[in-house]
Amino acid sequence: MAKEPDHPNISPMVHPPIVALMFIVLAYFLGRLAPLFLTAPATLRYLGLAMTFIGFLLGIGAFIEFRKARTTLDPHRSARQLVTSGIYRFTRNPIYLGFLLMVIGLPLNSGLYWGIVMAPFYMMTMTRLIIEHEERYLEKKFKNQYPGYKSRVRRWL
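So, a few notes on the structure that sits alongside this text. Just so we're clear, the structure is a prediction, and the values are computed from it rather than from any experiment.

Definitions and cut-offs
Residues numbered from 1 in each chain as written. Predicted model: local features only at pLDDT ≥ 70, side-chain atom pairs only at ≥ 80, totals over all residues. Heavy atoms only, no water. Patch = residues over 30% accessible without salt bridge, like charges linked within 9 Å, V, L, I, M, F, W, Y side chains within 5 Å. Areas by Shrake-Rupley, 256 points an atom, 1.4 Å probe, with all protein chains shown as cover. Salt bridge = Lys/Arg side-chain N within 4 Å of Asp/Glu carboxyl O. Helix = DSSP H or I, 4+ residues; strand = E, 2+ residues; numbered from the N terminus. Buried < 20%, exposed > 50% of the residue type's maximum accessible area, 1.4 Å probe, protein only. Core = buried A, V, L, I, M, F, W, Y, C linked by side-chain atoms within 4.5 Å. Phe/Tyr/Trp six-rings, centres within 6.5 Å; stacked < 30°, edge-to-face > 60°. Expected span 1.5 Å × (residues − 1). Axes fitted to C-alpha atoms, helices over the stretch in contact; angles between N-to-C directions. Parallel < 35°, antiparallel > 145°, perpendicular 65-115°, else oblique. Left-handed = near helix turned anticlockwise from the far one by under 90°. Contact = heavy atoms within 4.5 Å.

This brings us to a nonpolar patch on the surface. Taken together, Phe53, Phe56, Leu57, Ile60, Phe63, Ile64 and Leu73 make up a surface patch of nonpolar side chains, about 640 Å² in accessible area. Locating isoleucine 60 in the fold gives a position in helix H2 (residues 42-69). Under the relative-accessibility criterion, isoleucine 60 is labelled partly exposed at 36%.

Okay, here's the thing in structure tokens:
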């Protein structure tokens, strides 16, 4: 009997940063193809820049916690430990939340509202293609820890 793989069942073709980048590029493309004819005021552009920066910081915070735990950030590899400290006390997916802020923030900083329009589609895509697979894997691997963590900390925020 074949041994069950010790990693989430995520397609090797799916990489979270690439998914986020595709949505950012799509927002810019739609901004050119179908402009919304709403001019973003300077305050919203600065808000977009701030969101992008906060998104980047969320990723750094997650990276630091994974390094402390000596486990992998790669969703295609085996987790050695369940990370629940640092930024993971507030969101189970700080990297994906950071990417979401970038999906909204980068286009907004350029005066485009399309990132806001794309945000729910990005969230649905990430949930279906990656997060649900990761959660099933973590529930199997960390039977005693993950359900409690999952009940205390929200998926996104």
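That shown, we press on.
So, on to the nonpolar core. Counting 26 residues, the largest nonpolar core has Tyr96, Leu100, Val103, Tyr122, Met126 and Trp156 as its most contacted members. With eight residues, helix H3 (residues 94-109) is the single largest residue contributor to this core. By size, the runner-up hydrophobic cluster in this structure holds 13 residues, among which are Ala62, Leu82, Phe142 and Tyr146.

Applying the stated criterion across every chain yields a total of six salt bridges. In this structure, glutamate 139 and lysine 150 form a salt bridge, with 2.6 Å as the shortest nitrogen-oxygen distance. Taken together, the positions of glutamate 139 in helix H4 (residues 114-141) and lysine 150 in helix H5 (residues 146-152) put the pair 11 residues apart, joining distant regions of the chain. Looking at glutamate 139, the relative accessible area reads 32%, which means it is partly exposed. Linked through salt bridges whose partners overlap, the residues forming this network are Arg92, Glu135 and Arg155.

One non-glycine residue, arginine 70, lies in positive phi territory at about 55°. Along the chain, the position of arginine 70 falls in the loop between H2 and H3.

To continue, consider the packing of aromatic side chains. Remark: the centre distance and the inter-plane angle together describe each pair of aromatic rings, the angle taken between the planes. Enumeration according to the criterion identifies four aromatic pairs in this entry. Centroid distance tyrosine 122 to tryptophan 156: 6.3 Å. Interplanar angle 65°. Geometry classified as edge-to-face. Here the residue tyrosine 122 occupies a position in helix H4, and tryptophan 156 occupies one in the segment after H5, the gap between them amounting to 34 residues. Residue class for tyrosine 122 comes out buried when judged on its relative accessible area of 0%. One aromatic cluster is present, formed by Phe23, Tyr122 and Trp156 through successive ring pairs.

What follows concerns H3. Structural remark: α-helix, 3.6 residues per turn; residues separated by three or four positions point the same way. Over its 16 residues, H3 runs 21 Å from end to end, which matches the ideal 22 Å to within 8%, given 1.5 Å per residue. Backbone geometry just downstream of H3 places glycine 111 in the positive-phi region, at approximately 90°.

Moving on, we come to the packing of helix H1 (residues 16-33) against H3. In a packed pair of helices, the relevant descriptors are the angle between the two axes and the axis-to-axis distance. Between H1 and H3, the least distance of the axes is 9 Å, while the angle of their chain directions is 15°. Classified by the angle between their axes, H1 and H3 sit roughly parallel to one another. As for the relative orientation of H1 and H3, their crossing is right-handed in sense. Across the interface between the two elements, Pro16, Pro17, Ala20, Phe23, Ile24, Ala27 and Tyr28 of H1 pack against Tyr96, Phe99, Met102, Val103, Leu106 and Pro107 of H3.

All right, on to the side chain of asparagine 93 then. Note that asparagine 93 resides in the loop between H2 and H3. Taking the relative accessible area as the measure of exposure, asparagine 93 reaches 7% and is therefore buried. In contact with asparagine 93, not counting residues within four places along its chain, are Ile131, Glu134 and Arg155.

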